[in-house]
Amino acid sequence: MALSHLSSTRSNRLLRPLAAAASSLCRPISTSTEPLVIETSIPFTPHKCEPPSRSVETNPQELLTFFRDMATMRRMEIAADSLYKAKLIRGFCHLYDGQEAVCVGMEASINKKDCIITAYRDHCTFLGRGGTLLEIFSELMGRQGGCSKGKGGSMHFYKKESGFYGGHGIVGAQVPLGCGLAFAQKYNKDENVTFALYGDGAANQGQLFEALNISALWDLPIILVCENNHYGMGTAEWRAAKSPSYYKRGDYVPGLKVDGMDVLAVKQACKFAKEHVLKNGPIILEMDTYRYHGHSMSDPGSTYRTRDEISGVRQERDPIERVRKLVLGHDLATEKELKDIEKEIRKEVDEAIAKAKESPMPEPSELFTNVYVKGFGTESFGADRKELRATLP
Amino acid sequence: MFRILTQRVLGQSLLQQGIRPGAVASASRCFASAAKDLTVREALNSALNEEMSADPRVLLMGEEVGEYQGAYKITKGLLDKYGPDRVLDTPITEAGFTGIAVGAAYHGLRPVVEFMTFNFAMQAIDHIINSAAKTYYMSAGQISVPIVFRGPNGAAAGVGAQHSQCYASWYASCPGLKVLAPYSSEDARGLLKAAIRDPDPVVFLENELLYGEAFPVSAEVLDSNFALPIGKAKIEREGKDVTITAFSKMVGFALKAAEILDKEGISAEVINLRSIRPLDRAAINASVRKTNRLVTVEEGFPQHGVGAEICTSVVEESFGYLDAPVERIAGADVPMPYAANLERLALPQVEDIVRAAKRACYRSVPMAAAV
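- In the annotation of an unreviewed UniProt entry, the entry for chain B reads Pyruvate dehydrogenase E1 component subunit beta, and the organism field reads Linum tenue.
- Under Catalytic activity (unreviewed entry), UniProt gives the following word-for-word description of chain B: "N(6)-[(R)-lipoyl]-L-lysyl-[protein] + pyruvate + H(+) = N(6)-[(R)-S(8)-acetyldihydrolipoyl]-L-lysyl-[protein] + CO2".

- For chain A, an unreviewed UniProt entry supplies the name Pyruvate dehydrogenase E1 component subunit alpha and the organism Linum tenue.
- The record in UniProt for chain A states the following under Cofactor (unreviewed entry): "thiamine diphosphate".

1. What about the interface of chain A and chain B?
- Counting from both sides, the interface comprises 53 residues of chain A and, opposite them, 48 residues of chain B.
- Of the roughly 4,100 Å² buried where chain A meets chain B, counting both sides, 57% is carbon and sulfur surface.
- In terms of surface lost to chain B, no three residues of chain A exceed A:Arg90, A:Ala383 and A:Lys386, which account for 18% of the buried area on that side.
- Remark: the boundary between chain A and chain B carries seven salt bridges.
- The partner of A:Arg239 in a salt bridge is B:Asp89, with the nearest N and O atoms 2.5 Å apart.
- Scanning the region where chain A abuts chain B turns up 22 residue pairs in polar contact (both at pLDDT 80 or more).
- Within the residue set of the side of chain A that touches chain B, elements represented by two or more residues are helix H6 (133-140), helix H9 (237-240), strand S11 (379-381) and strand S12 (389-391) of chain A.
- Ranked by residue count, the leading element in the side of chain A that touches chain B is S11(A), at three residues.
- By residue class, the composition of the side of chain A that touches chain B is 20 nonpolar, 20 polar and 13 charged.

2. Overview of the sheet that holds strand S13 (residues 294-297) of chain B
Residue and element names in this part refer to chain B.
- Spatial strand order, S9-S11-S10-S13-S14: five strands in an open sheet with mixed pairing. A single partner strand is all that each edge strand has here, and the edge strands are strand S9 (234-237) and strand S14 (327-329). Strand after strand, the sheet turns through a mean of 25 degrees between neighbouring axes, direction not considered.
- As judged from the three bridges shared by strand S10 (residues 242-246) and S13, these two strands associate in the parallel manner. Paired with Thr-243 across the strands is Leu-294, a residue of S13.
- Packing against the sheet, helix H12 (residues 306-318) makes contact with S10, S13 and S14, and its axis sits at approximately 155 degrees to S13.

3. Focus: the pairing of S13(B)
Residue and element names in this part refer to chain B.
- Here S13 shows two buried faces, one formed by Leu-294 and Thr-296 and the other by Val-295 and Val-297.
- Here three bridges tie S13 to S14, and the two strands are oriented parallel to one another. Each bridged residue has a counterpart across the sheet, and for Val-295 the counterpart in S14 is Glu-327.

4. Some thoughts on the packing of aromatic side chains
- Using the criterion set out here, one finds 15 aromatic pairs over all chains in the structure.
- Between the aromatic rings of A:Tyr290 and A:Tyr292, the centroid separation amounts to 6.4 Å while the plane-to-plane angle is 55 degrees, which identifies the pairing as tilted. This pair shows no difference in class: A:Tyr290 is buried, exactly as A:Tyr292 is.
- Taken together, the ring pairs in this structure connect B:Phe97, B:Phe115, B:Phe118, B:Phe149, B:Tyr167, B:Trp170 and B:Tyr171 into an aromatic cluster.
- A cation over a ring is seen here: A:Arg305 above A:Tyr231, with NZ or CZ 5.7 Å from the ring centre.
- Residue placement shows A:Arg314 over the ring face of A:Tyr292; its charged tip is 3.9 Å from the ring centre.

5. What to know about the UniProt feature "domain: Dehydrogenase E1 component" (unreviewed entry) in chain A
- Mapped onto the present numbering, the UniProt feature "domain: Dehydrogenase E1 component" (unreviewed entry) falls at residues 68-364 of chain A.
- In this annotation, residues 68-364 of chain A is assigned 45% helix and 10% strand; the end-to-end C-alpha distance for the span is 39 Å.

6. A short note on the packing of helix H10 (residues 249-263) of chain B against helix H14 (residues 350-360) of chain B
Residues and elements named next belong to chain B.
- The contact between H10 and H14 brings their axes to 8 Å, and the two run at 55 degrees. Taken together, H10 and H14 sit at an angle that is classed as oblique. H14 is crossed by H10, and the crossing has right-handed handedness. Here Phe-253, Ala-254, Lys-256, Ala-257, Ile-260 and Leu-261 of H10 come into contact with H14, specifically with Val-350, Ile-353, Val-354, Ala-357 and Lys-358.
- Class assignment of the residues belonging to the contact of H10 with H14 gives a composition of nine nonpolar, no polar and two charged.

7. Observations regarding a nonpolar patch on the surface
All names here are of chain A.
- On the surface, Phe-183, Tyr-187, Ile-214, Leu-217 and Trp-218 cluster together into a nonpolar patch covering about 590 Å² of accessible area.
- Following the sequence through the fold, Ile-214 ends up in helix H8 (residues 206-217).
- In this structure Ile-214 comes out as partly exposed when scored by relative accessible area, which is 36%.

8. Comments concerning the sheet that holds strand S12 (residues 275-277) of chain B
Residue and element names in this part refer to chain B.
- The mixed open sheet is built from seven strands, whose spatial order is S3-S2-S4-S5-S7-S6-S12. The open sheet has two edge strands, strand S3 (87-89) and S12, and neither has a second partner. Here the average twist between neighbouring strands, direction ignored, is 20 degrees.
- As paired elements, strand S2 (residues 58-62) and strand S4 (residues 110-114) share five bridges and run parallel to each other. Looking at the pairing, Leu-60 lines up with Val-112 of S4.
- Taken strand by strand, helix H8 (residues 185-197) contacts S2, S4, strand S5 (148-152), strand S6 (178-180) and strand S7 (202-206), and its axis lies near 160 degrees from that of S7.

9. Side note on the UniProt feature "domain: Transketolase-like pyrimidine-binding" (unreviewed entry) in chain B
- UniProt marks residues 38-213 of chain B with the feature "domain: Transketolase-like pyrimidine-binding" (unreviewed entry), using the numbering shown here.
- Structurally, residues 38-213 of chain B comprises 36% helix and 16% strand, and the distance from its first C-alpha atom to its last is 8 Å.

10. Describing unusual backbone geometry
- With an omega dihedral of 15 degrees, the bond running from A:Gly166 to A:Gly167 counts as a cis peptide bond.
- Mapped onto the secondary structure, A:Gly167 falls in the loop between H6 and helix H7 (174-187).
- A cis amide bond links B:Arg277 with the next residue in sequence, B:Pro278, at an omega value of -5 degrees.
- Mapping B:Pro278 onto the fold places it in the loop between S12 and helix H11 (281-291).
- Phi at A:His230 takes a positive value of approximately 75 degrees, unusual for a residue other than glycine.
- You can see A:His230 is positioned in the loop between strand S6 (222-228) and strand S7 (231-232).
- Residue classification places A:His230 among the buried positions, given a relative accessible area of 17%.
- Located in the positive-phi region is B:Lys73, a residue other than glycine, with phi close to 65 degrees.
- Its location among the elements puts B:Lys73 in the loop between S2 and helix H3 (78-82).

Thresholds, definitions, all that
- Residues numbered from 1 in each chain as written.
- Chains lettered and ligands numbered in written order.
- Predicted model: local features only at pLDDT ≥ 70, side-chain atom pairs only at ≥ 80, totals over all residues.
- Heavy atoms only, no water.
- UniProt positions renumbered as here; feature names shortened; annotations may be inferred.
- Contact = heavy atoms within 4.5 Å.
- Buried area = accessible area lost by both parts, 1.4 Å probe.
- Salt bridge = Lys/Arg side-chain N within 4 Å of Asp/Glu carboxyl O.
- Polar contact = N/O pair within 3.5 Å; in protein donor to acceptor, adjacent residues only side chain to side chain.
- Helix = DSSP H or I, 4+ residues; strand = E, 2+ residues; numbered from the N terminus.
- Nonpolar A, V, L, I, M, F, W, Y, C, P; charged D, E, K, R; others polar.
- Pairing = 2+ DSSP bridges.
- Axes fitted to C-alpha atoms, helices over the stretch in contact; angles between N-to-C directions.
- Buried < 20%, exposed > 50% of the residue type's maximum accessible area, 1.4 Å probe, protein only.
- Phe/Tyr/Trp six-rings, centres within 6.5 Å; stacked < 30°, edge-to-face > 60°.
- Lys NZ or Arg CZ within 6 Å of the ring centre and 35° of its normal.
- Parallel < 35°, antiparallel > 145°, perpendicular 65-115°, else oblique.
- Left-handed = near helix turned anticlockwise from the far one by under 90°.
- Patch = residues over 30% accessible without salt bridge, like charges linked within 9 Å, V, L, I, M, F, W, Y side chains within 5 Å.
- Areas by Shrake-Rupley, 256 points an atom, 1.4 Å probe, with all protein chains shown as cover.

Right, here's the structure in full:
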């Protein structure tokens, strides 16, 4: 990985107080916003467009934020694994660890008026959109403090006020929905865009192509983001797709293939995509990424791929380790400082879980809330309609 | 001499189970005494295996049915035995592969399509209804569609609103379809074999939570010729005071309710519908004419549900025999919530069935106030 600096960190160090320079342990973590240009791991591969430059503008503060955000997501997902095994989380639980760079890089290039929609592997995407650890753990455990008040569960997180539209359980459905969000944005003359995330499994869904065709016809500001983690549940991409070049599958719609484990590449690609769609209509981004866990907590993830493959990716391409190396290589923080951040995060996550466990289960009357906005005073019923009934507002 | 089958609750003769004429000869042998325990999963797997062995036109299609051994391990071992030409892993594209399967059925093959759950089958429902169910009629008998659509239906545990719906009443309202819902391992084996042999499209509604449950089955059930008749309900427990109809997992709940009611002096007759379409109206009405009271139980949404059809059938044919209004227990009229306590409120529980049966027998206190 080639490194180049626009401004030397050495000159920064000369400006710091002598006392701090005396001992590197006393040097504060760099919160500098001095620009830093770093090259992506590999160049972008374009389809019917000119790719953006490999040189990504960033700064120390941003890199450290990337580190912190991804490490938080990583710890959160691992904690969710334990909670699921302790039976505090029920039903389905699809974990995102390994894929953190995609949602973190995306957030760095957009704002909260842009919309994101994804499928069921949504915990980290929700966190990136401004969700809190407490809301997440509470929802996973089905408590009142959850972002969906305990009624949605792992697959159904939403945060409309910051442009996060879920959280969807049916493979592929989120893509036409995302195109619909983009339609509304264009209709309202917003100058904002929508990112619709889907997996390599969903990439073959017919509804995707239907929605893409319409979006291209109507010039909608939609970015389709294929998070290609190479497995649709237990089926490898080559067994499910005649053409696993997902960035090319839009045919007449341009595309870009991105190293989804490189947060800077993701940021650059999303910035490029946002500018593109506001002028030219849809684009497809294929993020080459990887999930360490199986499809869900019911899937060991080792019957259809080797442990060597999984550990190989962890060693060679882990998104957090890449940023750690960048930070250390550019002298933006020491190893100990980064480890301290991770310790802090662990504490934050543990505290959020403890607080979430205190959140009560929903009141029984919540069974009947939010069926309709306007219920006309009709009645709804429990399993025994003569025992449990409610009037809808 | 026909072997008397030991059921979980009550003994039943083979004749009452409606054994096919072809199987009668083999049933006349004396079998070894002990019943064997078979899980529903094993029952389904063995049924698929035997039918694939007997007829080379039978093939399996669905997500993870092959190399993964089945999302719920129902198709375990079948890829190894029958090869990739007959056990086909599909991409996650229900509309596409269901259409392909129906087309294959038009041309003489006998596909068994697995939906990972019937919630996902909604992506394919046009092909189930318009391409499969109606074609024999539209073609005036030229094109038959010998296809089976199978998979888990209804609620599981904590899987939320998009993964918990029961589709029995939707499919059962459609002429041209047959709709089956097994409860026990015997049901699973007998009905799936019948479905695969049937020349018409069959929707086969399993239940994820029943897959691991074991039921004792006789040697007759384990015989490869075994099949149950489509369109015939089973009296799981005989009674004389109130009829309780149920299907799939709710049969187990109804049986538990019957035990509780028995202790309170109410003798409940539990009917395992087995077949939602055709519905065994004769059996249901005969039972109600005997007991004069009816409680229908289902997991699905109440409006336009299976219970609504059963109630109307009884009102149409046996009105004079009813001594009490028909009671209906169903899933709550809300999307399925995730939180455990709300999910419990959203699904029928044994105490709901007991309470409704007592009301039908005029043995309960007046209704509770509204929430």
